[in-house]
Amino acid sequence: DIFAGMDFMLRGCGRSIKHCEYFYLTKGRDLGFNAVMGFFSKISSGTGEQILTRQMFRLSQVLPLPESLSFHYAHAGYYMTQAFISLSMPITVSTWLLVLVAGCEDSFQAYIN
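Because the structure is predicted, anything quoted here is derived from the model rather than measured.

S.K.: Help me understand helix 3 (residues 54–62), please; the structure alone is not making it clear to me.
M.R.: Since one α-helical turn is 3.6 residues long, residues separated by three or four positions face the same way. Those residues of helix 3 lying buried are Gln55, Met56 and Leu59. Buried residues of helix 3 fall within an arc of 100 degrees about the axis and therefore sit on the same side. Opposite its buried face, helix 3 presents the exposed residues Arg54, Phe57 and Gln61, each directed more than 90 degrees away.

Below you can see the structure in the form of structure tokens.
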């Protein structure tokens, strides 16, 4: 549980958690578009709930900068980065369309020569 890990980081008193990786094999699951989108919406809504907790606020105050940035990017920052990437293309295209419609490209010729 992520909240148990955050509480341990805040109240662990310098102790560490031993992580053991186990492979658990089960039968195959349905990998249709709706099933995958349902899983990702479940994960992203859980990340949104994590942002609202006081453990996240306290961890951002306690952790050093490199650990804080990696913790942020591994959780909520991933979704914010994906949102910025998906918004960057329409903004770029609309900006270039505004430049073309306004006829500003003639004034740019002065900078080329």
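S.K.: Even after reading the chapter, I still don't get the environment of methionine 9, so can you show me in this structure?
M.R.: Structurally, methionine 9 is set in helix 1 (residues 2–11). Considering only alpha carbons, one finds methionine 9 and valine 62, 53 residues apart in sequence, at a separation of 9.2 Å. Look past the residues within four positions of methionine 9 in its chain and what remains in contact with it is Leu59 and Leu63.

S.K.: Help me understand the packing of helix 2 (residues 33–51) against helix 4 (residues 65–102), please; the structure alone is not making it clear to me.
M.R.: Each pair of packed helices can be summarised by the angle the axes make with each other and by the distance between the axes. At a minimum axis separation of 10 Å, helix 2 and helix 4 run at an interaxial angle of 115 degrees. Classified by the angle between their axes, helix 2 and helix 4 sit roughly perpendicular to one another. Helix 4 is crossed by helix 2, and the crossing has left-handed handedness. Facing Ile43, Ser44, Thr47, Gln50 and Ile51 of helix 2, the residues of helix 4 in contact are His75, Ala76 and Tyr79. Classifying every residue of the contact of helix 2 with helix 4 gives 4 nonpolar, 4 polar and no charged.

Reading guide: rules and limits
- Here the residue index of a chain counts from 1 through its sequence in written order.
- Per-residue local features are limited, in this predicted model, to residues with pLDDT of at least 70; the limit for side-chain atom pairs, both in listing and counting, is 80 or more; totals at the level of whole chains, interfaces and linings are taken over all residues.
- Hydrogens are left out, water is left out, and the side-chain values use all remaining heavy atoms of the structure.
- Three labels apply to residues, based on accessible area from a 1.4 Å probe with only protein chains included: buried if under 20% of the type maximum, exposed if over 50%, partly exposed otherwise in between.
- Helix and strand definitions here come from DSSP, where helices need a minimum of 4 consecutive H or I residues and strands a minimum of 2 consecutive E residues; each element is numbered from the N-terminal end.
- What the arc measures is the spread of directions leading from the helix axis to the C-beta atoms.
- Contacts are assigned to residue pairs with any non-hydrogen atoms lying within 4.5 Å of each other.
- Comment: axis = line fitted to C-alpha atoms, over the contacting stretch for helices; angle = value between 0 and 180 degrees taken between N-to-C directions.
- Here the word oblique covers every angle except those under 35 degrees (roughly parallel), over 145 (roughly antiparallel) and from 65 to 115 (roughly perpendicular).
- In a left-handed crossing the near helix is turned counterclockwise from the far helix by less than a right angle, and in a right-handed crossing that turn is clockwise.
- Residue polarity follows a fixed list, in which Ala, Val, Leu, Ile, Met, Phe, Trp, Tyr, Cys and Pro are nonpolar, Asp, Glu, Lys and Arg are charged, and the others, Gly among them, are polar.

Without other data, these values stay purely geometric and don't point to any function.
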